[in-house]
Amino acid sequence: MNNTARIPEFPALQEEFRHVMSAVCTPVAVVTATGHRMPYGTTVSAFASLSMTPPMVLVSLDKGSELLSVITTTGKFGLNVLGTDQAELALNFARKGGTSKFTGIAWEPHAEVPKLPGATGFVACTVAEIIEGGDHFVVLGDVVAAHRYDSKPLTYHGRMFGTHISLADVQ
């Protein structure tokens, strides 16, 4: 069922929704893929674990995303969960530019997708399904590899980067 046909556009509602969502603290990741033997990537905050049996994640990508086109073609993507010291990397991959985002950026191939060193976590996936959702597509991925590293995650809240502080860190 396509709900977008029944929801009229309300610029004031869209702006208020954007404001509400800026108050939600989200993790930051760079989604990567390899196409034409070149690395592609983009910064996202709309991703989550979906299932443990089998291990699955979901990520939301803009319909016009060059990366989405590569993922659709190859059926593979990586999810590099950024650490607190990687805000500059997040900004780099948030800009437009395709493969030029990787200029001067270290990476290594892992499970046929780019893995960024220094990330707090990494999962490699094969595409299970792609679902349309408004002006984005939600890509469901079957996890084929996962690695966790010991560093604090980069978060996005109030249109600023930060990190999570546990209560144990405060006490």
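Note that the structure is predicted; figures quoted are calculated from it, not measured.

A. Layout of the side chain of Lys101. With respect to the secondary-structure elements, Lys101 resides in the loop between α3 (87–94) and β7 (108–110). In this structure Lys101 is buried but unpaired, with Glu66 as the nearest side chain of opposite charge at 7.0 Å. Polar contacts involving the side chain of Lys101 include one to the main-chain carbonyl oxygen of Arg95, which spans 2.8 Å. In this structure Lys101 touches Gly41, Thr42, Asn92, Phe93, Arg95 and Lys96, once residues within four positions along its chain are discounted.

B. Inspection of the pairing of strand β10 (residues 136–148) at higher detail. Across seven bridges, the pairing between strand β5 (residues 55–62) and β10 is antiparallel. Bridge pairing in β10 links Ser60 to Val138. Where strand β9 (residues 121–133) meets β10, 12 bridges bridge the pair, whose relative direction is antiparallel. Among the inter-strand pairings, Ala124 is bridged to a residue of β10, identified as Ala145.

C. View of the pattern of salt bridges. The final tally for this structure, using the stated rule, is two salt bridges. Note that Lys63 and Glu132 form a salt bridge whose closest N and O atoms lie 2.4 Å from each other. Of this pair, Lys63 sits in the loop between β5 and α2 (66–74) while Glu132 sits in strand β9, and the two are 69 residues apart along the sequence. Its relative accessible area of 34% is what places Lys63 among the partly exposed residues. Linking Lys76 and Glu112 is a salt bridge whose minimum nitrogen-to-oxygen distance equals 2.7 Å. Placement of Lys76 in strand β6 (residues 76–81) and of Glu112 in the loop between β7 and β8 (113–115) is noted, with a sequence separation of 36 residues between them. A relative accessible area of 58% means that Glu112 is categorised as exposed.

D. Main features of the sheet that holds strand β2 (residues 29–35). If you walk across this open sheet you meet the seven strands as β3-β2-β6-β9-β10-β5-β4, and the pairing is antiparallel. The two strands at the open ends of the sheet, each matched to only one other strand, are β3 (38–44) and β4 (47–52). Here the average twist between neighbouring strands, direction ignored, is 35°. Here β4 pairs with β5 via five bridges, running antiparallel. Each residue of the ladder has a partner; that of Met52, found in β5, is Pro55. α2 rests against β2, β3, β5, β6, β9 and β10 of the sheet, and its axis sits at about 55° to β2. Here α3 sits on the sheet in contact with β2 and β3, set at roughly 110° to β3.

Conventions adopted
- Residues numbered from 1 in each chain as written.
- Predicted model: local features only at pLDDT ≥ 70, side-chain atom pairs only at ≥ 80, totals over all residues.
- Heavy atoms only, no water.
- Helix = DSSP H or I, 4+ residues; strand = E, 2+ residues; numbered from the N terminus.
- Buried < 20%, exposed > 50% of the residue type's maximum accessible area, 1.4 Å probe, protein only.
- Lys, Arg positive; Asp, Glu negative; His and termini not counted.
- Salt bridge = Lys/Arg side-chain N within 4 Å of Asp/Glu carboxyl O.
- Polar contact = N/O pair within 3.5 Å; in protein donor to acceptor, adjacent residues only side chain to side chain.
- Contact = heavy atoms within 4.5 Å.
- Pairing = 2+ DSSP bridges.
- Axes fitted to C-alpha atoms, helices over the stretch in contact; angles between N-to-C directions.

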